[in-house]
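Residue-level listing of the chains:
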Amino acid sequence: MILILLGPPGAGKGTQAKKITEKYKFPQISTGDILRAAVKEGTEMGLKAKGYMDAGKLVTDEVVIEIIKDRIKEDDCSNGFILDGFPRTMAQASSLGDMLKENGMELGHVLDISVDESFLVERLTGRRTCKNCGFGYHIRFSPSSTDGVCDKCGGGLFQRDDDNEETVKNRFEVYKDQSDELKSFYSGLGKYQLIDGTTDPESVFKAVSAVIDG
Ligand code: ADP
Ligand code: ADP
Ligand code: ZN
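Residues numbered from 1 in each chain as written. Chains lettered and ligands numbered in written order. Predicted model: local features only at pLDDT ≥ 70, side-chain atom pairs only at ≥ 80, totals over all residues. Heavy atoms only, no water.

Asker: Help me understand the site of ligand 1, please; the structure alone is not making it clear to me.
Answerer: The full set close to ligand 1 counts 18 residues, and K13, T15, R127, Y137 and T199 are the nearest of them. K13 has a polar backbone atom sitting 2.8 Å from an oxygen atom of ligand 1. One of the side-chain N or O atoms of T15 is found 2.6 Å from an oxygen atom in ligand 1. Within the complex, the protein chains bury 90% of what would otherwise be the 560 Å² of accessible surface of ligand 1. Of all the secondary-structure elements, those providing two or more residues to the shell around ligand 1 are α1 (13-24) and β6 (136-138). (Near = heavy atom within 4 Å. Polar contact = N/O pair within 3.5 Å; in protein donor to acceptor, adjacent residues only side chain to side chain. Areas by Shrake-Rupley, 256 points an atom, 1.4 Å probe, with all protein chains shown as cover. Helix = DSSP H or I, 4+ residues; strand = E, 2+ residues; numbered from the N terminus.)

Asker: What am I meant to see in the site of ligand 2 here?
Answerer: In the region of ligand 2, 19 residues are neighbours, and K13, T31, R36, K57 and G85 sit closest. A distance of 2.9 Å separates an oxygen atom of ligand 2 from a polar side-chain atom of K13. Notes on ligand 2: free accessible area 550 Å², of which the protein chains cover 96%. Considering every element that reaches the shell around ligand 2, the biggest residue donor is helix α2 (residues 31-41), with 4 residues.

Asker: Honestly, the sheet that holds β6 in this entry has me stumped. Any pointers?
Answerer: Strands belonging to one sheet form pairs held by backbone hydrogen bonds; the direction of such a pair is parallel or antiparallel. The 3 strands are arranged β6-β5-β7 in an open sheet whose pairing can be described as antiparallel. Each edge of the open sheet is held by one strand with a lone partner, namely β6 and β7 (157-158). Taken together, the 2 bridges between strand β5 (residues 127-130) and β7 define a ladder with antiparallel strand orientation. When the bridges of β7 are listed, C130 appears paired with L157. (Pairing = 2+ DSSP bridges.)

Asker: What should I look at first to understand the pairing of strand β3 (residues 81-84) in this one?
Answerer: In regular strands, side chains alternate between the two faces of the sheet. Residue alternation in β3 divides its side chains into two sets, F81 and L83 and I82 and D84, and both sets are buried. Where strand β1 (residues 2-6) lies against β3, 4 bridges are found, and the strand directions are parallel. Paired with L3 across the bridge in β3 is I82. Here strand β2 (residues 28-30) pairs with β3 via 3 bridges, running parallel. Counted as the bridge partner of S30 is D84 from β3. (Buried < 20%, exposed > 50% of the residue type's maximum accessible area, 1.4 Å probe, protein only.)

Asker: I would appreciate a short explanation of the coordination of the zinc ion (ligand 3) in the present structure.
Answerer: Each pair of donors in an ideal four-coordinate tetrahedral metal site encloses 109.5 degrees, whereas pairs in an ideal six-coordinate octahedral site enclose 90 or 180 degrees. Within the first shell, the zinc ion (ligand 3) binds the protein through C130 (SG), C133 (SG), C150 (SG) and C153 (SG), at distances of 2.3 Å. One way to put it: the 4 donor atoms around the zinc ion (ligand 3) meet at angles of 98 to 115°, and that makes the site tetrahedral. Sequence spacing of the donors to the zinc ion (ligand 3): C-x2-C-x16-C-x2-C. Note that C133 is positioned in the loop between β5 and β6 and C153 in the loop between β6 and β7, a separation of 20 residues in sequence. The exposure class of C153 is partly exposed, given its relative accessible area of 34%. (Donors = N, O, S within 2.8 Å, 3.2 Å for Na, K, Ca; no water. Tetrahedral: all angles 85-135°; square planar, octahedral: opposite > 155°, others 65-115°.)

Asker: Teacher, can you tell me more about the nonpolar core here?
Answerer: Within soluble globular proteins, side chains that are nonpolar tend to cluster in buried spots. Among the nonpolar cores identified, the biggest contains 27 residues, and I4, L35, I68, F81, L83, L96 and Y186 are the most heavily contacted of them. When contributions to this core are tallied by element, the ones reaching two or more residues are β1, α3 (44-55), α4 (61-71), β3, α5 (90-102), β4 (107-114) and α7 (165-188). When near neighbours in sequence (up to four residues on either side) are disregarded, I68 contacts I29, T31, L83, F86, L96 and M99. By size, the runner-up hydrophobic cluster in this structure holds 14 residues, among which are A17, Y24, I82 and I195. (Core = buried A, V, L, I, M, F, W, Y, C linked by side-chain atoms within 4.5 Å. Contact = heavy atoms within 4.5 Å.)

Here it is, written out as structure tokens:
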């Protein structure tokens, strides 16, 4: 099944994607993760993307569309995948529609994880991620058992450069500008599902699973 996770920065898309992967085995495709890896490696794509990411702006459509086009052709995507952080613009949504058609794939659901902005700043500034395995923590809501160390693999935890209050504000503005059109578009296709993202991660996942299980 092909799933799209919508929702503002910090809503819990990455957290839910990891739970979906664990239970249903669909791979998580996070454009943010792929871009951050490219920045770290210093590839041409990473160099192009870094300025936008640090400013909390969107990377150009061409760059992210190319990423997705290549990624969904890989073998592990043949039974479905989870798009986490893509599409973010109508141009991306429309390219995705074409790609799916070309590959004979059909969209399952668009899950919009909805959380009020007042909760999100704390979620984002307290977010920590494992350098090694990518698992996500929160210093208050889901801390690792040893400070700064991943429970799953012992790797070190880091804080994202763009999870500071300044950049977070820009990211919210960008999300607000782009998301209404995406929601109407997927509602029109009959694929849109609103999920309350304010409860604890397990309860959110119950709602997500209920949609996936139909
Ligand atoms: P996104 O991918 O949408 O930006 P994340 O999944 O990375 O969001 O979650 C942002 C932060 O909030 C992380 O630190 C995560 O541990 C925490 N978090 C995720 N879901 C919840 C939840 N339901 N309640 C409280 N904190 C959460
Ligand atoms: P969030 O926690 O905001 O959901 P992501 O990891 O999805 O964060 O995205 C981080 C940054 O990567 C964005 O602010 C943007 O610069 C870039 N990015 C990720 N996905 C996309 C996309 N689909 N289109 C354009 N830029 C993107
Ligand atoms: Zn780890």
